[in-house]
Amino acid sequence: MKVLRVRRGNATFYAQLLLEERAVKCLDRTLGLPEVLPLAEVSVLAPVAPSKVVCAQGNFRSRLHEIGRGPADAPMLFLKPPSAVIGNGQSILLPRATARVEAWGELALVLGRGCRNVAPEDVPRHLFGYSCANDVTAGDFLAPDEPLGRAKGFDTFAPIGPWIETAVADPTALWLRTTVNGAVTQESSTDDMVLSPYALVSFISTIMTLLPGDVVLTGSPAGGGRLAPGDEVRVEIDAVGVLINAARSEEELAPLQ
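To keep things clear, this report deals only with the structure shown in the data block.

What to know about the pattern of salt bridges
This structure, assessed with the given rule, holds 12 salt bridges. Lys52 serves as the salt-bridge partner of Asp214, at 2.7 Å between the closest nitrogen and oxygen. Residue Asp214 is found in the loop between α3 (197-205) and β17 (215-217), and its partner Lys52 is found in the loop between β5 (43-44) and β6 (53-57); the two are separated by 162 residues along the sequence. Neither Asp214 nor Lys52 differs from the other in exposure class; each is buried.

See the structure below:
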């Protein structure tokens with residue numbers, strides 16, 4: 001099932017996407033809305049509104065090799081703020097402060113139930129589903145003594161979408177592909193992960209409580225694509241979806257009020 005997070009009037013809710021009907025089915029009957037609504041009558045939002053986005057750096061063997069590290073170093077965890085999250089079709093903002101912004105495709109796991117110290121085999125019971133994600137990074141802020149929060153935490157640096165896919169048979173064997181303007185910058189399978197998706201969630205839950213709606217980004221393979229204003233970046237994961245975002249310079253947008 002493909003699930004969107006949408007708004008209609010003052011109500012924000014999750015809804016099943018009915019692709020052929022160009023409609024959505026409201027999953028919260030307590031709102032008193034029609035069960036099925038035309039897609040044109042709702043605003044599609046970013047599919048998640050997490051308290052935190054927990055990310056694993058260096059969880060792909062190819063990426064570890066690329067940066068000269070080994071499996072014993074994985075995973076290296078960092079957080080992205082909720083303000084970094086945008087949805088499919090929204091613009092990645094290229095900040096004035098950085099001269100190099102990179103796109104890194106990842107598989108995202110969305111929590112449906114809170115958990116702490118959960119065993120890997122129990123993780124599926126706590127998941128809402130899966131999505132595509134882009135770990136947008138200010139590459140020139142990745143010096144060894146520079147905190148990852150600065151390089152990874154700018155507004156719009158966590159695109160997630162296009163929806164939450166609730167039915168993925170095996171997240172350890174998904175093909176992931178990132179393209180910038182149609183050119184492939186990353187291509188790999190999730191079977192190259194050091195910690196499998198479920199093992200990663202289990203590991204994170206030994207450190208912090210994961211809450212419903214929280215997102216875990218499971219790491220990115222070697223490669224990465226540099227972004228310039230006007231570029232289109234796509235993150236495609238088999239059985240999950242295709243996340244599409246365009247890059248825009250900060251100067252193009254009006255300041256936030």
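So, the pairing of strand β15 (residues 175-180)
Two strands pair when backbone bridges link them, and β15 and strand β16 (residues 183-189) are joined in this way by six bridges, in the antiparallel orientation. The residue bridging Trp175 from the neighbouring strand is Ser189, located in β16. Counted between consecutive antiparallel strands, the loop separating β15 from β16 contains two residues, among which Asn181 sits at a positive phi close to 55°. Summarising the sheet, β15 and strand β19 (residues 232-237) pair through five bridges and their orientation is antiparallel. Of the residues in β19, the one forming a bridge with Leu176 is Ile237.

With respect to the pairing of strand β12 (residues 127-134)
Every regular strand shows the same layout, with side chains that alternate between the two sheet faces. Counting buried positions along β12 yields seven of eight residues, so the element is predominantly enclosed. Bridge count between strand β11 (residues 105-111) and β12: seven bridges; the pairing is antiparallel. Opposite Glu106, over in β12, you have Ala133 as the bridge partner. Here β12 pairs with strand β14 (residues 158-165) via three bridges, running antiparallel. From the neighbouring strand, Tyr130 faces β14, where its bridge partner is Glu165.

Re the sheet that holds β15
Spatial strand order, β9-β20-β19-β15-β16: five strands in an open sheet with mixed pairing. Of all strands in the sheet, those with a lone pairing partner are β9 (92-94) and β16, marking the two edges. With strand direction ignored, the average angle separating the axes of adjacent strands in the sheet is 15°.

Some remarks on unusual backbone geometry
Residue Gly161 is joined to Pro162 through a cis peptide bond whose omega torsion reads 5°. One non-glycine residue, Asn117, lies in the positive phi region at around 55°. One can find Asn117 in the loop between β11 and β12. One non-glycine residue with positive phi stands out, namely Thr156, at about 75°. With respect to the element layout, Thr156 can be found in the loop between α2 (148-152) and β14. Taking relative accessible area as the criterion, Thr156 reaches 12% and is therefore assigned buried.

Parameters and conventions
- Residues numbered from 1 in each chain as written.
- Predicted model: local features only at pLDDT ≥ 70, side-chain atom pairs only at ≥ 80, totals over all residues.
- Heavy atoms only, no water.
- Salt bridge = Lys/Arg side-chain N within 4 Å of Asp/Glu carboxyl O.
- Helix = DSSP H or I, 4+ residues; strand = E, 2+ residues; numbered from the N terminus.
- Buried < 20%, exposed > 50% of the residue type's maximum accessible area, 1.4 Å probe, protein only.
- Pairing = 2+ DSSP bridges.
- Axes fitted to C-alpha atoms, helices over the stretch in contact; angles between N-to-C directions.

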